[in-house]
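Take a look at the letters that make up each chain.
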Amino acid sequence: MNIPTNLKYTKDHEWVSIEGDIATVGITDFAQKELGDIVYVEVETLDQTLDKDEVFGTVEAVKTVSDLFLPLTGEIIEFNDSLESDPEKVNSDPYGDGWMIKLKITDTSEIEQLLSSEEYTKIIGA
């Protein structure tokens, strides 16, 4: 199980990379394995400001559809357009080319509520 120590995590299996006030968000290696083959990623919240834990999109696998929850309050400023034609990047490279959105953080105090790699590892029992 790949759980990079330089990232933050949520109990909903999203990972977060923070650079200044911009967060890059995707789903974890654990989540993509649980979902199986990803066939579609939908994010219709581009340019919208959403609160932490609101649904920002969905990820569709062969057998299920899962909501994606925003890990931090902010404005969704970018969607990984390459996922429209190549959604399996989420499976093959969840922490790299499989990223989903970039978010301009509006409440940086929420960062402290994200999980460390060690805390996330305990949650998934890895």
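Everything discussed here concerns the structure shown above.
Residues numbered from 1 in each chain as written. Predicted model: local features only at pLDDT ≥ 70, side-chain atom pairs only at ≥ 80, totals over all residues. Heavy atoms only, no water.

(A) Spatial organisation of a nonpolar patch on the surface. On the surface, V39, Y40 and V62 cluster together to form a nonpolar patch covering roughly 280 Å² of accessible area. Among the structural elements, V39 can be located in strand β4 (residues 38-42). (Patch = residues over 30% accessible without salt bridge, like charges linked within 9 Å, V, L, I, M, F, W, Y side chains within 5 Å. Areas by Shrake-Rupley, 256 points an atom, 1.4 Å probe, with all protein chains shown as cover. Salt bridge = Lys/Arg side-chain N within 4 Å of Asp/Glu carboxyl O. Helix = DSSP H or I, 4+ residues; strand = E, 2+ residues; numbered from the N terminus.)

(B) Quick look at the pattern of salt bridges. Counting across every chain of the model gives 4 salt bridges. Put simply, K104 and D21 hold a salt bridge, and the shortest N to O gap is 2.4 Å. Of this pair, K104 sits in strand β9 (residues 101-105) while D21 sits in the loop between β2 (14-19) and β3 (22-27); the two residues are 83 residues apart in sequence, bridging distant segments of the chain. The exposure class assigned to K104 is partly exposed, which follows from its relative accessible area of 34%. Look at D21 and you get partly exposed, because its relative accessible area is 31%. K33 is the salt-bridge partner of D29, the closest N and O atoms lying 3.3 Å from each other. Taken together, the residues D29 and K33, both in helix α1 (residues 29-35) and 4 residues apart, mark about one turn of the helix. On the basis of relative accessible area, D29 is assigned to the buried category, the value being 7%. (Buried < 20%, exposed > 50% of the residue type's maximum accessible area, 1.4 Å probe, protein only.)

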